[in-house]
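Fold and geometry: a report
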Amino acid sequence: MVSESIEQIIKERRTVRAVSDQSVSIEDIQALLEVASYAPFHSKEEPWSVVIVAGQDERRLFVEKIMDSYERLNIWARYDQQHLAASKKRTEEYYLSVPVTLIVTAPVHEKRKANLEAISAVSAFIQNFQLAAWSRNVGVTWRTVPIIFDDVFKQELGIGSDRQIIGLLDISMIDEIVKLPTAKRKAVEQWAVRLSEKLSENKE
Ligand SMILES: Cc1cc2nc3c(=O)[nH]c(=O)nc-3n(C[C@H](O)[C@H](O)[C@H](O)COP(=O)(O)O)c2cc1C
C-alpha cells in the first residue's frame, strides 16, 4: 500500500474497529507519530500531545480507569439493564484487547480562536496519523467516548486541566481477512455551493 497515491489513501482509509492478534510495535507507533507531526498548526508550538498506552500493565491500569469512569458518569444507565453484566464484560474485554491506544490532547484556550486552532491542528494531526497508519496496514479507530470529558479520568491519567482530549485512538494491525465497508460520501454538489447561489437561495 505504501506506493499508493495520497488521493487513493485518503479515499481508501477506513475506520478499523476489528482488533487483531498481531502485535503493533512501539517503533512503528513512533514512526507514525513523527509523520503525523507534519500537520499544520497555528500556535507558537505544536499543540498536540500524546500518551501511549501499550503493554499489559499499562493496558490493565488504563482499562480500570475507563471502567471507573463509566460508573462515575453513569453511562450504564443507557444500556439494557437486563443484560448489563454482559455489556460491561464486553466493553471491558474490548478495551483489554486493543493492542495500543493513543490519548491525543490539545491545550485548552479560553479564547475561542486559539481553542479552535488548537483543536483543528490536533485533528489534522490525527488524520495524518490515520492516513499514514493505513498505508502501513495499521488500523485506527478515533473515539470520542463520553469518558474523554471526565475530569477525574483525565487527572488519573496524568492529563492536566489545561488540556482537552481530542480523541482516543485505538490501534491494531489490519488482518487480511477483515472485510471493511466501501466508503460512501455525498456528492460534492450536495454540500458545496457557489456564494452567488447561496445568497439567491437565502432570498427565496
Ligand atoms: C471526531 C471523530 C470522533 C469519532 N468517534 C468515534 C467513536 O467514539 N466511536 C467509533 O466507533 N467511531 C468514532 N469515529 C469514527 C467514525 O464513526 C468514522 O470515521 C465514520 O463512521 C466514517 O467512517 P470511516 O472513518 O471508515 O470513513 C469518530 C470519528 C471522528 C472524526
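Residues numbered from 1 in each chain as written. Predicted model: local features only at pLDDT ≥ 70, side-chain atom pairs only at ≥ 80, totals over all residues.

- Looking at an unreviewed UniProt entry, one finds the chain named Nitroreductase, with Enterococcus wangshanyuanii as its source organism.

1. Topic: the site of the ligand
- Around the ligand, the surrounding shell consists of Arg-14, Thr-15, Arg-17, Thr-141, Trp-142, Arg-143, Thr-144, Val-145 and Ala-183.
- Looking at the shell around the ligand residue by residue, the classes come out as three nonpolar, three polar and three charged. (Near = placed C-beta within 6 Å. Nonpolar A, V, L, I, M, F, W, Y, C, P; charged D, E, K, R; others polar.)

2. Observations concerning the environment of Pro-47
- With respect to the helices, strands and loops of the structure, Pro-47 is situated in the loop between helix 2 (26-36) and strand 1 (49-54).
- On the basis of neighbour count, Pro-47 is assigned to the buried category, with 23 C-beta atoms found within 10 Å.
- Taking C-alpha positions, Pro-47 is 29 Å from Ser-23, a pair spaced 24 residues apart along the chain.
- Not counting residues up to four positions away in its chain, the partners in contact with Pro-47 are Phe-41, Ala-106, Pro-107, Ala-118, Ala-121 and Val-122. (Helix = DSSP H or I, 4+ residues; strand = E, 2+ residues; numbered from the N terminus. Buried ≥ 20, exposed ≤ 12 C-beta atoms within 10 Å, placed from the backbone. Contact = placed C-beta atoms within 7 Å.)

3. What to know about the packing of helix 3 (residues 56-72) against helix 4 (residues 84-97)
- Orientation of helix 3 relative to helix 4, taken along the N-to-C sense of each, is 145°, at an axis distance of 9 Å. Viewed along their axes, helix 3 and helix 4 form a crossing whose handedness is right-handed. Listed contacts from helix 4 to Arg-59, Val-63, Ile-66 and Met-67 of helix 3 are Glu-92, Tyr-95 and Leu-96.
- Along the lines of polarity and charge, the residues of the contact of helix 3 with helix 4 split into five nonpolar, no polar and two charged. (Axes fitted to C-alpha atoms, helices over the stretch in contact; angles between N-to-C directions. Left-handed = near helix turned anticlockwise from the far one by under 90°.)

4. Describing the packing of helix 2 against helix 5 (residues 112-135)
- Here helix 2 crosses helix 5 at 130°, and the two axes come no closer than 8 Å. By the angle between their directions, the pair helix 2 and helix 5 is classed as oblique. The hand of the helix 2/helix 5 crossing is right-handed. Each of Leu-32, Leu-33, Val-35 and Ala-36 in helix 2 lies in contact with helix 5, whose residues at this interface are Phe-125, Asn-128, Phe-129, Ala-132 and Ala-133.
- Among the residues forming the contact of helix 2 with helix 5, the class breakdown is eight nonpolar, one polar and no charged. (Parallel < 35°, antiparallel > 145°, perpendicular 65-115°, else oblique.)

5. Observations concerning the nonpolar core
- Grouped together as the largest cluster of nonpolar side chains are 39 residues, with contacts concentrated most on Val-104, Val-122, Phe-129, Val-138 and Leu-169.
- Listed by contribution, the elements that provide at least two residues to this core are helix 2, helix 3, strand 2 (100-107), helix 5, strand 3 (138-143) and strand 4 (163-173).
- A per-element tally of this core places helix 5 first, with nine residues.
- Discounting chain neighbours no more than four positions away, the residues touching Phe-129 are Leu-32, Leu-33, Ala-36, Val-140 and Leu-169. (Core = buried A, V, L, I, M, F, W, Y, C linked by C-beta atoms within 7 Å.)

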